Amino acid sequence: MSNRQVSHNFYKEVDLLSPKTLESLQHYVNDSTVFKLLIVRHPFQRLVSSYSMTLVTPTSELTQSNDSNLFRRDRIEDNSKYTAQSWLHAHSILYHSRPKLFHAKSSNTNILERIFLPDKSFREFLEWLLKQPPEHDDVHWVQYHTHCAVCNVHYNFILKLDHYTLGQINYILSKLKLDRNKIYLPMLQRTHNGLTDFKMACKYFRNLTTDMVMQLYERYKIDFDMYKYKPDDYWHCAKRKN
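Residues numbered from 1 in each chain as written. Predicted model: local features only at pLDDT ≥ 70, side-chain atom pairs only at ≥ 80, totals over all residues. Heavy atoms only, no water.

J.: Help me understand the packing of aromatic side chains in this model?
T.: Geometrically, a pair of aromatic rings is defined through the distance of the ring centres and the angle of the planes. Per the stated rule, a full pass over the model turns up 18 aromatic pairs. Taking 5.5 Å as the distance between ring centres and 75° as the angle between the ring planes, the aromatic pair formed by Phe122 and Tyr204 counts as edge-to-face. Here Tyr204 lies in helix α9 (residues 198-205) and Phe122 lies in helix α6 (residues 122-129), a separation of 82 residues in the sequence. Residue Phe122 shares its accessibility class with Tyr204, and that shared class is buried. Ring geometry for Tyr217 and Phe224: centres 5.0 Å apart, planes at 70°, overall edge-to-face. Exposure remark for Phe224: the relative accessible area of 0% places this residue in the buried category. Cluster of aromatic residues (ring-pair linked, three or more members): Phe44, Tyr51, Phe122, Phe125, Trp128, Trp141, Phe198, Tyr204, Phe205, Tyr217, Phe224 and Tyr234. Here Lys160 stacks its cationic end above the ring of Tyr229, 4.4 Å away from the centre of that ring. (Phe/Tyr/Trp six-rings, centres within 6.5 Å; stacked < 30°, edge-to-face > 60°. Helix = DSSP H or I, 4+ residues; strand = E, 2+ residues; numbered from the N terminus. Buried < 20%, exposed > 50% of the residue type's maximum accessible area, 1.4 Å probe, protein only. Lys NZ or Arg CZ within 6 Å of the ring centre and 35° of its normal.)

J.: What is the right way to read the packing of α6 against helix α10 (residues 210-219) from this model?
T.: Between two packed helices, what matters for the description is the angle formed by their axes and the separation of those axes. Two numbers describe how α6 lies on α10: the axes approach to 11 Å, and their chain directions differ by 50°. The angle between the axes of α6 and α10 places the two elements in the oblique class. Between α6 and α10 lies a crossing of left-handed hand. For the pair formed by α6 and α10, the contact residues are Arg123, Leu126, Glu127 and Leu129 on the first element and Met212, Leu216 and Arg219 on the second. When the residues that make up the contact of α6 with α10 are grouped by side-chain class, the tally is four nonpolar, no polar and three charged. (Axes fitted to C-alpha atoms, helices over the stretch in contact; angles between N-to-C directions. Parallel < 35°, antiparallel > 145°, perpendicular 65-115°, else oblique. Left-handed = near helix turned anticlockwise from the far one by under 90°. Contact = heavy atoms within 4.5 Å. Nonpolar A, V, L, I, M, F, W, Y, C, P; charged D, E, K, R; others polar.)

J.: Any chance you could explain the state of the cysteines here in plain terms?
T.: Cysteine pairs can be linked by a disulfide, which is a covalent bond between their two sulfur atoms. As enumerated under the stated definition, the model contains one disulfide in all. Disulfide pairing is shown between Cys202 and Cys237; the S-S distance is 2.1 Å. Negative torsions about the S-S bond denote left-handed disulfides, and the value of about -115° found for Cys202 with Cys237 makes this one left-handed. Placement of the pair is Cys202 in helix α9 and Cys237 in helix α12 (residues 232-237), with a sequence separation of 35 residues. (Disulfide = S-S within 2.5 Å.)

J.: What should I look at first to understand unusual backbone geometry in this one?
T.: Keep in mind that most residues, glycine aside, have a negative phi and that most peptide bonds are trans. For Lys177, which is not glycine, the phi dihedral falls at a positive 60°. With respect to the helices and strands, Lys177 occurs in the loop between α8 (166-175) and β3 (190-191). Even without being glycine, Lys228 reaches a positive phi, approximately 55°. Here Lys228 shows up in the loop between α11 (221-226) and α12. Classification of Lys228 by relative accessible area gives exposed; the value is 69%.

J.: Would you mind going over the nonpolar core with me for this structure?
T.: For soluble globular proteins, nonpolar side chains are generally found buried alongside one another. In terms of nonpolar packing, the biggest core is built from 30 residues, with Phe44, Leu47, Phe122, Leu126 and Phe205 touching the most fellow members. Put simply, the parts of the chain that give this core at least two residues each are β1 (37-40), α3 (43-54), α6, α9, α10 and α12. Examining the composition of this core, we find that five residues originate from one element, α6, more than from any other. Apart from the residues within four sequence positions on either side, Leu126 is in contact with Leu47, Leu208, Met212 and Leu216. Formed by six residues, the second largest nonpolar core is a distinct cluster that contains Phe35, Leu159, Ile172 and Leu173. (Core = buried A, V, L, I, M, F, W, Y, C linked by side-chain atoms within 4.5 Å.)

Any functional reading would require information beyond the geometric quantities listed.
Shown next, in the form of C-alpha cells:
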C-alpha cells in the first residue's frame with residue numbers, strides 16, 4: 001500500500017479505503033484513536049449543486065459572461081451527458097411541471113427528446129422535490145440527519161465546505177498524518193465547471209418565491225439547526241414574494 005499510486009478517481013479511492021465488513025466499520029467507529037471527520041455544506045448550496053451537477057443545458061438558468069462555458073454544469077442541469085440522476089428524475093420532474101409534454105399528440109419528437117429538454121429549471125426541480133416524500137430523496141439531496149451515521153458516530157471534527165480556513169485543512173491533514181506537499185489536494189467544493197458557493201446559489205434562487213424558500217427551510221430545518229446554518233441571506237436572493 002505504501003508504494004501505491006493514488007488515483008484521482010475518488011470513487012475508486014473510496015472503494016479501496018472503505019471497511020469491507022460491518023465488523024470492521026464498527027471497530028473503527030468505536031476506536032477512539034481513529035480520527036473521524038465529517039464534511040457538510042449549507043443545505044441550499046447542496047440543492048443547487050445537486051441540481052446543477054446532477055440533473056439543463058449550460059445557459060438556461062444563468063446569464064453567461066464572455067466565457068460561454070463559465071456556468072456550464074453537469075448533472076440534472078446538463079442534458080449533454082444524460083446522467084444517472086437525469087435518467088432517474090427528469091421524467092417525473094417534467095411530468096409534474098409540464099404534463100402536456102407526455103401527451104402523444106403534443107409532439108412528434110420521441111420520449112427522450114421530450115424528457116431531456118434544454119430548459120428544465122431549478123424552480124421546476126424544487127416544485128417537484130417539495131411534493132416528494134423525504135424518505136424517497138436521492139442521496140445527493142437527502143437530509144443529513146436521515147443518515148444514521150451522522151448521529152451514531154462521534155466525529156472529532158466537522159468541516160463546513162462552504163466556510164473553511166487553511167488552518168482547518170492543515171489541522172485535518174496533521175491528524176491524518178498527511179504531508180500536504182506530497183498529496184493531491186484539489187480545491188474543495190470546486191468542480192471542473194467552477195464553485196457552487198453562495199454567489200452561484202443566489203443566482204439560482206433569484207427565480208424562487210420567498211414562500212418556496214421557507215418551504216425548503218422547513219424541509220431541511222433539522223440540518224440547518226444541527227450545523228448552525230441560517231437561511232437569512234437567501235430570502236434576499238428570492239425576488240418574488242409569492
